[in-house]
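# Structural overview for review
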Amino acid sequence: MNKELLRLVIYEQQEKSIPLGIERHIDRKLIECPEILIITGVRRCGKSVLLQQIRSRLPEKDYYLNFDDERLINFRVEDFQTLTEVFLEDFGKQKTFYLDEIQNVAGWERFVSRLYREGNKVFITGSNARLLSRELGTFLTGRHVSWELYPFSFREYLTLKDIHTQRQDFYTTEGRAVLSRHIQTYLKTGGFPQYIMSGNDNYLSSLYTDIIYKDVLVRNNLNQEQALKEMMYYLASNATHRYTYNSVAKAVGIKSPETVKSYFGFIENTYLIRQLNKFDYSAGVQTRSHKKIYFIDNAIFLKIGFNATENFGNTLENCVAIEIMRRHKEFYYYAEIQECDFIIRESAAITQAIQVTTSLQNEHTRKREVNGLLAAMTRFQLNQGLIITLDESEEWSTEDGLHIQAIPLWRWLLE
């Protein structure tokens, strides 16, 4: 690439004002450490904005380029040297690089590895887990740290809506009413910032199309567009439920379960979905057991799936799964005779059991959810268990001395 074209792109991108928006959370130590920082996540969850927020805090800001630009479609790994020369000629010597959506350039990891060896701090964003993990493993082992970014949390959603809560709001009638009203909206709108602000369904459709076509079909050289879309429709319509690759293959008419497994991998690499394993101390049993699927955002699976009735149960459970991911916890579902939605593992120990249900008012539902939670608590010797509801609070102990707390989703998300 010639220098003048690079300069045109660099200066136009620097002149373009990107609103910094709501402050996104990231561990300050990751910004200050010498290692390469790689920010990953699904398309349009705010990675570029977070990169700009980091850039705005640091004294060196000029070595920035977003590779998700059609003028850079022919950018090759050898062009990084030309880019470095342009940066040096125009802005002087700096030691901080900001490279946005870098996975679009094959071989980028060699250049970034050289920057690191020369003592530079490099910030990177990317939207494909497979490409990033493969390249990190070969050239950047021990030289990078990662931060996975998610769509807006409930707290960030409230901030965007200019609603600022305090702990005392958990206990006042007015405060609880405000939080209850907004959590029901959040369960439907999800956390993509642009969609929260616009409410435009076309935005969701465009985002979903970009992921399926650009990040799945084109990137993996697939030509089974209709089969893939039918599988996604089925998954979105059955989110939070258990499945096997064989059951999905039969449901959508794909001949081979191995093909379904491959499709799952491609989609999971875009961060759009997350497969959840059943817990077992045997990795082989985990692999063979039914899995559950969760979407990275409620609005996406509500948009692309079939929901005959308003099902807060599915959206509630999906929301909890997203938040557990956002908190960077290792988690599974538990199922023997009874089932518990989530168990959290820290190091080698199960430390928490969580059940999710809209309400405990129905006696049959209450019995099922409580028994499933108690089964997990007993199995992993936990004294306390948690039930997350849509808007109910309760607390009690069993005759065996096991303590159960039920709290509203909004309180759990804000605590």
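Up top you'll find the structure we're talking about.
In this report, we go over the structure that sits alongside the text. (Residues numbered from 1 in each chain as written. Predicted model: local features only at pLDDT ≥ 70, side-chain atom pairs only at ≥ 80, totals over all residues. Heavy atoms only, no water.)

### Examining the sheet that holds strand S2 (residues 63–66)
The sheet built from 5 strands is open, its strands ordered S2-S3-S4-S1-S5 with parallel pairing. In this open sheet, the two edge strands, each paired with only one partner strand, are S2 and strand S5 (144–148). Sheet twist, expressed as the mean angle between neighbouring strand axes with direction ignored, is 15°. One ladder, built from 5 bridges, connects strand S1 (residues 36–40) with S5; its direction is parallel. Counted as the bridge partner of isoleucine 38 is serine 146 from S5. In this fold helix H4 (residues 79–91) packs onto S2 and strand S3 (96–100), with an angle of close to 135° to the strand it touches most, S2. Contacts between helix H5 (residues 108–117) and the sheet are confined to S1, S3 and strand S4 (121–126), with S4 contributing the most and set at about 155° to the helix. (Pairing = 2+ DSSP bridges. Helix = DSSP H or I, 4+ residues; strand = E, 2+ residues; numbered from the N terminus. Axes fitted to C-alpha atoms, helices over the stretch in contact; angles between N-to-C directions. Contact = heavy atoms within 4.5 Å.)

### Digging into the environment of valine 218
You can see valine 218 is positioned in helix H10 (residues 201–218). Judged by relative accessible area, which is 59%, valine 218 ranks as exposed. C-alpha separation for the pair valine 218 and isoleucine 296, spaced 78 residues apart in sequence, amounts to 21 Å. (Buried < 20%, exposed > 50% of the residue type's maximum accessible area, 1.4 Å probe, protein only.)

### A closer look at the side chain of threonine 315
Turning to its location among the elements, threonine 315 is positioned in helix H16 (residues 312–326). A distance of 3.0 Å separates a polar side-chain atom of threonine 315 from the backbone oxygen of phenylalanine 312. Sequence-distant contacts of threonine 315, that is, excluding residues within four places in its chain, are made with Leu187, Asn298, Phe301 and Leu302. (Polar contact = N/O pair within 3.5 Å; in protein donor to acceptor, adjacent residues only side chain to side chain.)

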